[in-house]
Amino acid sequence: MGNCCSDVAGGQSAVGGAISSSAANAPNDAVDAFLRSRGYNGLFSQIELSLSAANLRDRDVLSKSDPMVVLYMKGSDGSLQELGRTEVVLNSLNPKWIRKYTLTYQFEMVQTLVFRVYDIDTQFHNMDVKALKLEEQQFLGEASCTLSEIVTKSNRILTLDLAREEVSAPAHTRKSGQLTVYAEESVSSKTTAEMILRCSDLESKDLFSKSDPFLVISKITESGISVPICKTEVLKNDHNPKWKQIFLSIQQVGSKDSPLIIECFNFNSNGKHDLLGKVQKSLAELEKLHSVAMGESLFIPASVGQNHHNKVLKSQLFVDKYSENVQHTFLDYLAGGYELNFMVAIDFTASNGNPRLPDSLHYIDPSGRPNAYQRAILEVGGVLQFYDSDRKFPAWGFGARPIDGPVSHCFNLNGSSSYCEVEGIHGIMMAYTSALFNVSLAGPTLFGHVVTNAAQIASASVARNERKYFVLLIITDGVITDLQETKDAFVMASDLPLSILIVGVGGADFKEMEILDADKGDRLESSTGRVASRDIVQFVPFRDVQSGEVSVVQSLLGELPSQFLTYMRARAIGPNP
């Protein structure tokens, strides 16, 4: 999750770099739930967009058009938010604008961009472009795309047709030239500070043992809010801990001079961690501590009513290593030709209820309102489809009895006995609806078969040296009955280019699902004692997020880029062939 972790396997997953085999199995997710509760989630990079156009319509009588572009972000409700305007290029039908747009790329969201080109009338040429009233200018054309469509191009260049409605025939549009968008990732997005931190003389918070310390590093926003951006692993029973190397994106921090809060906590399994002390330092100041080999005393913030004097402790923080490097990012791999291939598996067990009745989780509402299964497919698939060039998605069902057959724990959703792929997200939705009327819901709930099928596809891709990473979405309403078999399958799959997203729908008790998601504890262990080489599972109960600000997509996909990069770094696979 996020852009920084503590161990080499997890930490470099987010920002790049090689890892050693000895570190690849080190667990690093003991406090993710704690961080999530404080706002730590997701991947972002700064993207700079450059624009040019060709063959614009000439709307001026005695000269050529004087074009300007206005960029908007389109919301899920269709509303447009203006992000900025270029300068006006005089007398040109093939302009190249100098002013750039800087956007934050968010993998877990569909970011739809709308570009509108205007011919600016001569009388307004001396005005600030921000003050221009667009309704007073001549509209030349409009184009739209998603940010992911741009960054997945090998050269990060996308050319779009500009179109405008004909006044005489509003239902018809005509081409009005082309707009070319070029995206470049900010170099600061790739610059990483690498540090080894340690503390001395920590206090004991546990009754019969020493403390179990870990660090949380937070940045301070302009509004003064502290936002966690990095954490270390938990070290057991240690008052003089030295944590594994951490990797911190300077872009995420803001700059080397931006203030950071480093808090040391004593880990408690109930999630109520004890503060052992904190310091406030910028990266530049931490670099200086390293260069002079000195420590910084931790302090405990004063409580209200204690004259607001912080309590300075004898405990100290030391920076044993500090260096800066430029690392390959998730976007570098996309530009290098890597794809994310989407797969889906749907629970058809009888506990979902009769699909023909409104209280069923599989009920197809005549009004067109999607059920929970359909929403999960649309939201997750809606993001991932842009990273899959052929948009042919393997789709399976499990826990049902096909006509005149035994219960199947992995059947092709399209009804075919020979192939499992469907065309596009619409194809998944059609196959799902059709399957509801061609199978009998049964049980039990078993994941092992579908995970094995997905793993076989990923393994075959590796054998063919394809530049692909696979994402399996499992949507289920119940508690799995093959927990150990599923763990075994997940542990085996952790060595493959595969991540597994699980959405729990309905009101079942999903505690076992949370066991599969290593965010809340140690990594999965197979029946033979083998530990997963990395965390590949992300689980979210649908009911937890359907009414809040965080969507299912954001909850599920927040960790996917770092899981992708963990796999690539562990095998020293670079972004370019």
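What you see is a predicted model; the values in this text were computed from it and never measured. (Residues numbered from 1 in each chain as written. Predicted model: local features only at pLDDT ≥ 70, side-chain atom pairs only at ≥ 80, totals over all residues. Heavy atoms only, no water.)

Novice: Would you mind showing me how to read the pattern of salt bridges here?
Specialist: Pairing is possible between side chains of opposite charge, provided their charged atoms come close. Using the criterion set out here, one finds 15 salt bridges in the structure. Its salt-bridge partner being D320, residue K242 comes within 3.6 Å of it at the nearest N-O pair. Pair noted here: K242 is in the loop between β11 (226–231) and β12 (246–249) and D320 is in strand β16 (residues 311–326), with a separation of 78 residues, a long-range link. Its salt-bridge partner being E379, residue R375 comes within 3.6 Å of it at the nearest N-O pair. Remark: E379 and R375 occur in helix α7 (residues 372–384); sequence separation between them is four residues, near one turn of the helix. Residue R375 is classed as partly exposed on the basis of its relative accessible area, which comes to 26%. The exposure class assigned to E379 is partly exposed, which follows from its relative accessible area of 24%. Each of the salt bridges in this network shares a partner with another, and the network as a whole consists of R156, E185 and D332. (Salt bridge = Lys/Arg side-chain N within 4 Å of Asp/Glu carboxyl O. Helix = DSSP H or I, 4+ residues; strand = E, 2+ residues; numbered from the N terminus. Buried < 20%, exposed > 50% of the residue type's maximum accessible area, 1.4 Å probe, protein only.)

Novice: Would you mind showing me how to read helix α10 (residues 483–493) here?
Specialist: Residues separated by three or four positions in an α-helix point in the same direction, a consequence of the helix having 3.6 residues per turn. Burial in α10 covers these residues: L483, T486, K487, A489, F490, V491 and A493. In the core, the buried residues of α10 are packed alongside α9 (448–463), β24 (498–504), α11 (511–516) and β25 (537–541). (Contact = heavy atoms within 4.5 Å.)

Novice: Hey, could you run me through the pairing of strand β9 (residues 191–200) in this one?
Specialist: Among the 10 residues in β9, eight count as buried, and that is most of the element. As paired elements, β9 and β12 share four bridges and run antiparallel to each other. Each residue of the ladder has a partner; that of M195, found in β12, is I246. (Pairing = 2+ DSSP bridges.)

Novice: Just checking my understanding: could you explain the packing of aromatic side chains for this structure?
Specialist: Any two aromatic rings considered together are summarised by their centre-to-centre distance and by the angle between their planes. Throughout the structure, instances matching the rule amount to 17 aromatic pairs. Centroid distance F214 to F267: 6.3 Å. Interplanar angle 65 degrees. Geometry classified as edge-to-face. With a gap of 53 residues between them, F214 in strand β10 (residues 213–220) and F267 in the loop between β13 (259–266) and β14 (274–282) connect regions that are remote in the sequence. Using a relative accessible area of 0% as the deciding quantity, one classes F214 as buried. F267 gets classed as buried once you look at its relative accessible area, which sits at 16%. Judged by centre distance (5.6 Å) and plane angle (55 degrees), the ring pair of F348 and F411 falls under tilted. Placement of the pair is F348 in the loop between β17 (339–347) and α7 and F411 in strand β20 (residues 411–412), with a sequence separation of 63 residues. Each residue in the set F107, F330, Y333, Y338, Y387, Y469, F564 and Y567 is aromatic and connected to the rest through ring pairs, giving one cluster. (Phe/Tyr/Trp six-rings, centres within 6.5 Å; stacked < 30°, edge-to-face > 60°.)

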